[in-house]
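Chain and residue survey
Residue strings, one per chain:
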Amino acid sequence: MLRLGVHVSVAGGIDQAVSRAKDKGCDTFQIFSSNPRGWKSSPISSQSAESFIFNLRRSGLDPAVGHMPYLPNLASSRDEVYHKSIQALTAELERCRMLGLHYLVAHLGSHLGAGKQRGQERIVAALQAALDGSGGITMLLLENSSGTRNNMGSTFEEIADILDALSEKKARLGVCLDTCHLHAAGYDLQSSQALESTLDQFKASIGMERLHLIHLNDCRGGLGAHLDRHEHIGLGQIGEEGFRAILTHPMLSCRPMILETPQDERRDDRGNLEAARRLASGGE
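Residues numbered from 1 in each chain as written. Predicted model: local features only at pLDDT ≥ 70, side-chain atom pairs only at ≥ 80, totals over all residues. Heavy atoms only, no water.

A few words on the sheet that holds strand β3 (residues 64-67). Overall, parallel pairing links the eight strands, which are arranged β1-β2-β3-β4-β5-β6-β7-β10 in a closed barrel. Averaged over all pairs of adjacent strands, the angle between strand axes in this sheet comes to 30°, irrespective of strand direction. Relative to β3, strand β2 (residues 28-31) runs parallel, the two sharing three bridges. Counterpart to Q30 in the pairing with β3 is V65. The strands that helix α9 (residues 269-280) touches are β1 (4-7) and β10 (257-259); relative to β1, the one it contacts most, it runs at about 155°. (Pairing = 2+ DSSP bridges. Helix = DSSP H or I, 4+ residues; strand = E, 2+ residues; numbered from the N terminus. Axes fitted to C-alpha atoms, helices over the stretch in contact; angles between N-to-C directions. Contact = heavy atoms within 4.5 Å.)

This next bit is on the packing of helix α8 (residues 239-248) against α9. Look at α8 against α9: their axes get within 8 Å of each other, and the N-to-C directions meet at 75°. Judged by the inter-axis angle, α8 sits roughly perpendicular to α9. Facing α8, whose interface residues are E240, F243, R244, L247 and T248, α9 presents A276, R278, L279 and A280. (Parallel < 35°, antiparallel > 145°, perpendicular 65-115°, else oblique.)

What follows is about the packing of aromatic side chains. Counting across every chain of the model gives four aromatic pairs. Between the aromatic rings of F156 and F202, the centroid separation amounts to 5.2 Å while the plane-to-plane angle is 85°, which identifies the pairing as edge-to-face. Within this pair, whereas F156 is found in helix α5 (residues 156-165), its partner F202 is found in helix α7 (residues 192-205), the two being separated by 46 residues in sequence. With relative accessibility at 0%, the residue F202 sits in the buried group. Site record: aromatic cluster; members linked through ring pairs are F156, Y187 and F202. (Phe/Tyr/Trp six-rings, centres within 6.5 Å; stacked < 30°, edge-to-face > 60°. Buried < 20%, exposed > 50% of the residue type's maximum accessible area, 1.4 Å probe, protein only.)

On to the nonpolar core, then. Proteins that are soluble and globular tend to have nonpolar side chains buried together. Judged by nonpolar contacts, the single largest core of 71 residues is most densely connected at F29, I31, F52, L89, L127, L216 and L252. Examining the composition of this core, we find that seven residues originate from one element, helix α3 (residues 79-99), more than from any other. Ignoring any residue separated from it by four or fewer positions in sequence, one finds L216 in contact with L4, T179, I233, F243, I246, L247, M257, I258, L259, E260, T261 and A276. Ranked by size, the runner-up nonpolar core spans eight residues in total, among them V65, V105, L141 and L213. (Core = buried A, V, L, I, M, F, W, Y, C linked by side-chain atoms within 4.5 Å.)

A few words now on the pattern of salt bridges. Counting across every chain of the model gives 13 salt bridges. Put simply, D79 and R122 hold a salt bridge, and the shortest N to O gap is 2.9 Å. On the criterion of sequence distance, the pair formed by D79 in helix α3 and R122 in helix α4 (residues 116-132) is long-range, its members being 43 residues apart. Residue R122 is classed as buried on the basis of its relative accessible area of 9%. Across the pair E240 and R244 runs a salt bridge whose closest N-O atoms are separated by 3.9 Å. You can see E240 and its partner R244 sitting in helix α8, four residues apart, about one turn around the helix. You can call E240 partly exposed: its relative accessible area is 25%. Each of E231, D264 and R266 takes part in salt bridges that share partners, so that together they form one network. (Salt bridge = Lys/Arg side-chain N within 4 Å of Asp/Glu carboxyl O.)

In structure tokens:
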């Protein structure tokens, strides 16, 4: 069954996120459980966590997904930032445990010019430390990047190397594919044939069993332009044909999909959910 949702605000209390997701017409949803643009966040009270879990169980929404804040950089060559990033990831996994979140999505970060090999070593060590330092069953999902300068994880091979280096953590590590980032990195999704070719590459490098979540976003930039700019579903360079192929593909439509699309005078979250559902049903 196709499950579509959006990223929702936790303003005024994390327990309010569930009702916001329901109001928008979601089947699943994503949140920042902590300040997305800072290092420090208020602790989650046991009362807030219990209320969130109670509301979630009553809602029928599944899964609930967390997203790491923007500042942590798991590939950083700067020791102070790197160690703070490990602490932030460990703390975020603990927050996800308290809230009963199925998944936590993390960007792999930038090596800042130190090189991909050094960046990979830093990421592997950071993931090892954070998973060893946290409990619960929340799965950490590594998100592919658009391939902007020094960013890690823009190719399936890079992600595969990291997963392979942490094979003993397989039960707690998976992948989130962002369609905008795929397009920006040069993976074609614009037609059924192009999508099949891209999925064949993913299966050969990583394996479909490691894919647990999709960030469903169109892209403003051209194929392989490395431009990380999200666009409304079907109105960007991937286009309606591409999203129709994605949303009806049997290997993808069974995975939850989170939209992180703009909200402007053209469409809001509900409008993008409606567009995605229309394309999933084969509509024009």
